[in-house]
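Geometric and topological summary
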Amino acid sequence: MRTFRLVIACPDRVGIVAKVSNFLASHNGWITEASHHSDTHSGWFFMRHEIRADSLPFGIEAFREAFAPIAEEFSMDWRITDTAQKKRVVLMASKESHCLADLLHRWHSDELDCDIACVISNHDALRSMVEWHGIPYYHVPVDPQDKQPAFAEVSRLVKQHDAEVVVLARYMQILPPALCSEYAHKVINIHHSFLPSFVGAKPYHQASMRGVKLIGATCHYVTEELDAGPIIEQDVVRVSHSDSIEDMVRFGRDVEKMVLARGLRYHLEDRVLVHGNKTVVF
């Protein structure tokens, strides 16, 4: 069923829900899902509504025009999206295939409602898997001595494919600040949740030597500060002394795949609202 997704963040005050609900009711808008959250610490209010598109007498542009006075009255940061318009996604990867393969499978199985425009990688190892899905694959090597040309090409490709979200599916390069800024809250990354305890190479080996009991992963938006952006989703699996390093690596890959897929789904469904460095996920 085609719906419009109305997402709102604004200073909290009396009458927000009533005003929005009355607006929708006055146009016979049929709400199929409604979520609200009042953050008493920040004093902000967050809202997400899904409305049946066929219940309204106008399209999305007319909706924006009609709703604008209410948005101005309540100083809203808001957006309205149409589920008929699939978001365009660019995936980026390096050599490890587990996250990329999982997202491609979910997309191929219609579990992710999006268009995957292309895959960009600094290695050529995953080309055959990507092209089997009929998706363009771009090999953009990164010179450790001069990374600027590579990232200029990455930026060009992202723009060429009109990407609305970029997913780092274990892409093992740090994006330059300019790219992070240009696509703020539109670049999604995944990393193991050992940080900051086990940094550098072979974190699972380090964790095993310390006898950790939990392995986790964090899905977050990319910012200029490495691995410090707003968190979208996290999860953990329990391990014990009887698990080998190979077991722990396997468990880690499993949780990384699940967390990244859920985080991307939340973003595609307009369920993530960012306020400062914190998220509200409906």
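Being a predicted model, the structure only gives us computed values, none of them experimental.

What counts as what
Residues numbered from 1 in each chain as written. Predicted model: local features only at pLDDT ≥ 70, side-chain atom pairs only at ≥ 80, totals over all residues. Heavy atoms only, no water. UniProt positions renumbered as here; feature names shortened; annotations may be inferred. Helix = DSSP H or I, 4+ residues; strand = E, 2+ residues; numbered from the N terminus. Buried < 20%, exposed > 50% of the residue type's maximum accessible area, 1.4 Å probe, protein only. Pairing = 2+ DSSP bridges. Axes fitted to C-alpha atoms, helices over the stretch in contact; angles between N-to-C directions. Contact = heavy atoms within 4.5 Å.

**A closer look at the UniProt feature "domain: ACT" (unreviewed entry) in the protein chain**
Listed under "domain: ACT" (unreviewed entry) in the UniProt record, and renumbered for this structure, are residues 5–85. For residues 5–85, helix accounts for 31% and strand for 38%, while the C-alpha atoms at its two ends are 11 Å apart.

**Focus on the UniProt feature "active site" (unreviewed entry) in the protein chain**
With numbering matched to this structure, UniProt assigns "active site" (unreviewed entry) to D227. As for its position among the elements, D227 is in the loop between strand 10 (214–221) and strand 11 (231–238). Exposure remark for D227: the relative accessible area of 30% places this residue in the partly exposed category.

**A look at the sheet that holds strand 3 (residues 44–52)**
Backbone-to-backbone hydrogen bonds pair the strands of a sheet. The strands run either parallel or antiparallel. Read across the open sheet, the four strands follow the order 2-3-1-4; overall the sheet is antiparallel. Among the strands making up the open sheet, the edge pair consists of strand 2 (31–39) and strand 4 (77–82). Averaged over all pairs of adjacent strands, the angle between their axes in this sheet comes to 5 degrees, without regard to strand direction. Across six bridges, strand 1 (residues 3–11) lies against strand 4 in antiparallel orientation. Pairing of R5 across the sheet is with T81, part of strand 4. Where helix 1 (residues 16–26) meets the sheet, it contacts strand 1, strand 2 and strand 3, and its direction lies at approximately 15 degrees from that of strand 3.

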